[in-house]
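Structural features, examined
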Amino acid sequence: MKKALLPLLLFVTSIGFAQKSGGLASGLSAATGELQSIVEPITTFLYVIAAIIGVFGAIRVYSKHQNGDQDTNKAMGQWGFAFVFLIAAGFIIKATFSV
């Protein structure tokens with residue numbers, strides 16, 4: 001009997017604390033506001049990193065092409081995919097978390 005009563009008592013008290021003074025609603029609105037304020041800097045950061053990777057990758061691919069390496073197409077695909085992935089990640093984050 002005591003083992004069954006303790007979890008029930010903990011559950012009932014936790015419900016009481018969660019509903020105290022509109023805590024859930026104010027907590028959700030505060031979290032939403034913080035998330036919306038962070039989305040724009042994160043997407044801008046991803047775009048800047050993508051631009052840096054694009055420039056650096058273009059230089060590396062050009063260098064490989066000038067040296068006559070055989071894996072120029074492979075390097076171009078790898079750097080290009082990294083660039084496209086970061087741009088797509090920025091769009092997905094913005095579309096998912098901005099309201």
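Before reading on, note that the structure itself is shown above.
Here we summarise the structure given alongside this text. Treat the numbers as computed from the prediction; the structure is a model and nothing was measured. (Residues numbered from 1 in each chain as written. Predicted model: local features only at pLDDT ≥ 70, side-chain atom pairs only at ≥ 80, totals over all residues. Heavy atoms only, no water.)

Quick look at the pattern of salt bridges now. A full pass over the atoms with the stated rule returns three salt bridges. For Lys64, the salt bridge is made with Asp69, and the minimal N-O distance between the two is 3.9 Å. Note on Asp69: relative accessible area 34%, which makes it partly exposed. The salt bridge involving Lys64 is made with Asp71; its shortest N-O contact spans 3.5 Å. (Salt bridge = Lys/Arg side-chain N within 4 Å of Asp/Glu carboxyl O. Buried < 20%, exposed > 50% of the residue type's maximum accessible area, 1.4 Å probe, protein only.)

What follows concerns the packing of aromatic side chains. This model, assessed by the stated rule, comprises three aromatic pairs. Residues Phe56 and Trp79 carry aromatic rings whose centres are separated by 5.4 Å and whose planes lie at 70° to one another, so their mutual orientation is edge-to-face. One end of the pair, Phe56, is in helix α2 (residues 23-67); the other, Trp79, is in helix α3 (residues 72-97), with 23 residues separating them in the sequence. Judged by relative accessible area, Phe56 falls into the partly exposed class, the value being 43%. Judged by relative accessible area, Trp79 falls into the partly exposed class, the value being 25%. (Phe/Tyr/Trp six-rings, centres within 6.5 Å; stacked < 30°, edge-to-face > 60°. Helix = DSSP H or I, 4+ residues; strand = E, 2+ residues; numbered from the N terminus.)

Between its first and last C-alpha atoms α3 spans 38 Å; for 26 residues at 1.5 Å apiece the expected length is 38 Å, and the two agree. All of the buried residues along α3 are Thr72, Ala75, Leu86, Ala89 and Gly90. (Expected span 1.5 Å × (residues − 1).)

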